[in-house]
Amino acid sequence: GAYPRLSPAIIALVERDGRALLARNARFALPFFSTLAGFVEVGESLEAAVAREIHEEAGIAITDIRYFGSQPWPFTGSLMIGFTARWAGGDIVSDPSEIADAEWFAPDELPRIPPKLSIARALIDDFVRRHGGTPRD
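Engineer: So what exactly am I meant to see when it comes to the overall build of the protein chain here?
Structural biologist: The number of helices and strands found in the protein chain is two helices and six strands. Element order for the protein chain, N to C, with α for helix and β for strand: β-β-β-α-β-β-β-α. By the compact-globule yardstick of 14 Å for 137 residues, the protein chain fits well, its C-alpha radius of gyration being 14 Å. Taking the principal axes of its C-alpha atoms as reference, the protein chain extends roughly 50 × 35 × 30 Å. A total of 137 residues make up the protein chain; the buried ones form 42% of that total. Here the contacts in the protein chain between residues at least 6 apart in sequence split such that 66% fall between residues at least 24 apart. Roughly 7,800 Å² of accessible area belongs to the protein chain as shown, and the carbon and sulfur atoms make up 55% of that amount. Separation of charge centres in the protein chain, based on 14 positive and 19 negative side chains, amounts to 5 Å.

Engineer: Any chance you could explain the nonpolar core here in plain terms?
Structural biologist: As a rule of thumb, soluble globular proteins bury nonpolar side chains together. Among the nonpolar cores identified, the biggest contains 19 residues, and V14, L21, L36, V50, I54, I60 and I62 are the most heavily contacted of them. Those elements that provide at least two residues to this core are β1 (7-16), β2 (19-25), α1 (46-58), β5 (78-89) and β6 (99-105). If one sorts the elements of this core by residue count, α1 sits on top with four residues. Counting 16 residues, the second-largest nonpolar core is a separate cluster that includes F33, M80, A120 and F127.

What counts and what doesn't
Residues numbered from 1 in each chain as written. Predicted model: local features only at pLDDT ≥ 70, side-chain atom pairs only at ≥ 80, totals over all residues. Heavy atoms only, no water. Helix = DSSP H or I, 4+ residues; strand = E, 2+ residues; numbered from the N terminus. Rg over C-alpha atoms; globule rule 2.2 N^0.38 Å. Buried < 20%, exposed > 50% of the residue type's maximum accessible area, 1.4 Å probe, protein only. Contact = heavy atoms within 4.5 Å. Areas by Shrake-Rupley, 256 points an atom, 1.4 Å probe, with all protein chains shown as cover. Lys, Arg positive; Asp, Glu negative; His and termini not counted. Charge placed at Lys NZ, Arg CZ, Asp CG, Glu CD. Core = buried A, V, L, I, M, F, W, Y, C linked by side-chain atoms within 4.5 Å.

Here it is as structure tokens:
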């Protein structure tokens, strides 16, 4: 049989002192902040991809990378694999070619976020719930 090509992509919500790292993407003029994401490279574990992408896009080190869930993305043949992680060091220095703006947000001070049914939104809603908040409608 034919085996479809699949491009795994990681997406992660990083926490620091009860705040979540959210960013606006520079390549897509989307009006909201979201979790950071990127494609997995050949020969790289998913956890290594999360650490590399977060470091490349936001300039920080992370730890405690844990699997959250996944979502197929049929249009590009990719599989979005979600993770949570904790900040381990460094200040945000975003890559301007990738990130227009990146900041730490408290659960009750969230900017405009992605719509429901996206894994990015599931990660953000989970973060809000874990900190005793009520996710947005």
